[in-house]
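# A closer look at the structure
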Amino acid sequence: KTSGEALADGRCDLPGHARLPRFSPLLHVGNQYSAAHGDFDVVISTVCPRALDGEPCPALTTHALHFEDGHGREAEAEAAIASKSIAHGAARVAKAIRAGQRTLVHCKGGQNRS
């Protein structure tokens, strides 16, 4: 990114996920399409994932942590919900990684909530 350029919108990228080997070789983050394009044991979703045909597919989620992302402009109550959801998600990720499970955390665009 150069000065003044906006970040690319990654919400439609395919396969839509990336591995995070510095954290764990089992951990991936991604966008709304990533659950359908990988072989994951655990899928932690902050939005409903989409199937290969692009349709919403809640069955791809093993743990739903849906919350609105106000990009730092959340009201106090919304921030408290997001904070609690993030802490719960982090605990679930840690449990899955300790169990040796290939884990995906995804949001809509793969850039913020995941």
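See the structure above.
Conventions used here
- Residues numbered from 1 in each chain as written.
- Predicted model: local features only at pLDDT ≥ 70, side-chain atom pairs only at ≥ 80, totals over all residues.
- Heavy atoms only, no water.
- Helix = DSSP H or I, 4+ residues; strand = E, 2+ residues; numbered from the N terminus.
- Buried < 20%, exposed > 50% of the residue type's maximum accessible area, 1.4 Å probe, protein only.
- Lys, Arg positive; Asp, Glu negative; His and termini not counted.
- Salt bridge = Lys/Arg side-chain N within 4 Å of Asp/Glu carboxyl O.
- Polar contact = N/O pair within 3.5 Å; in protein donor to acceptor, adjacent residues only side chain to side chain.
- Contact = heavy atoms within 4.5 Å.
- Expected span 1.5 Å × (residues − 1).
- Pairing = 2+ DSSP bridges.

### Let's talk about the side chain of Arg92
Locating Arg92 in the fold gives a position in helix 1 (residues 76-98). Of the buried charged residues, Arg92 lacks a salt bridge, with Asp41 as the closest side chain of opposite charge at 9.4 Å. In terms of polar contacts, Arg92 uses its side chain to reach the side chain of His63, at 2.6 Å. The residues touching Arg92, leaving out its near neighbours within four places in the chain, are Val42, Ile44, His63 and Gln101.

### Some details on helix 1
Between its terminal C-alpha atoms helix 1 stretches 33 Å, which fits the 33 Å expected from 23 residues at 1.5 Å a residue. On its buried face, helix 1 is in contact with strand 2 (27-30), strand 3 (42-45), strand 4 (63-64) and strand 5 (103-106). Of the residues one or two after helix 1, Gly100 is the one with positive phi, at around 75°.

### With respect to the pairing of strand 5
A two-sided burial pattern is seen for strand 5, the buried positions comprising Thr103 and Val105 on one face and Leu104 and His106 on the other. Here strand 2 pairs with strand 5 via four bridges, running parallel. In the sheet register, Val29 faces strand 5, and the bridge partner there is Val105. Examined bridge by bridge, strand 3 and strand 5 share four bridges and lie parallel to one another. The residue of strand 5 that forms the bridge with Ser45 is His106.

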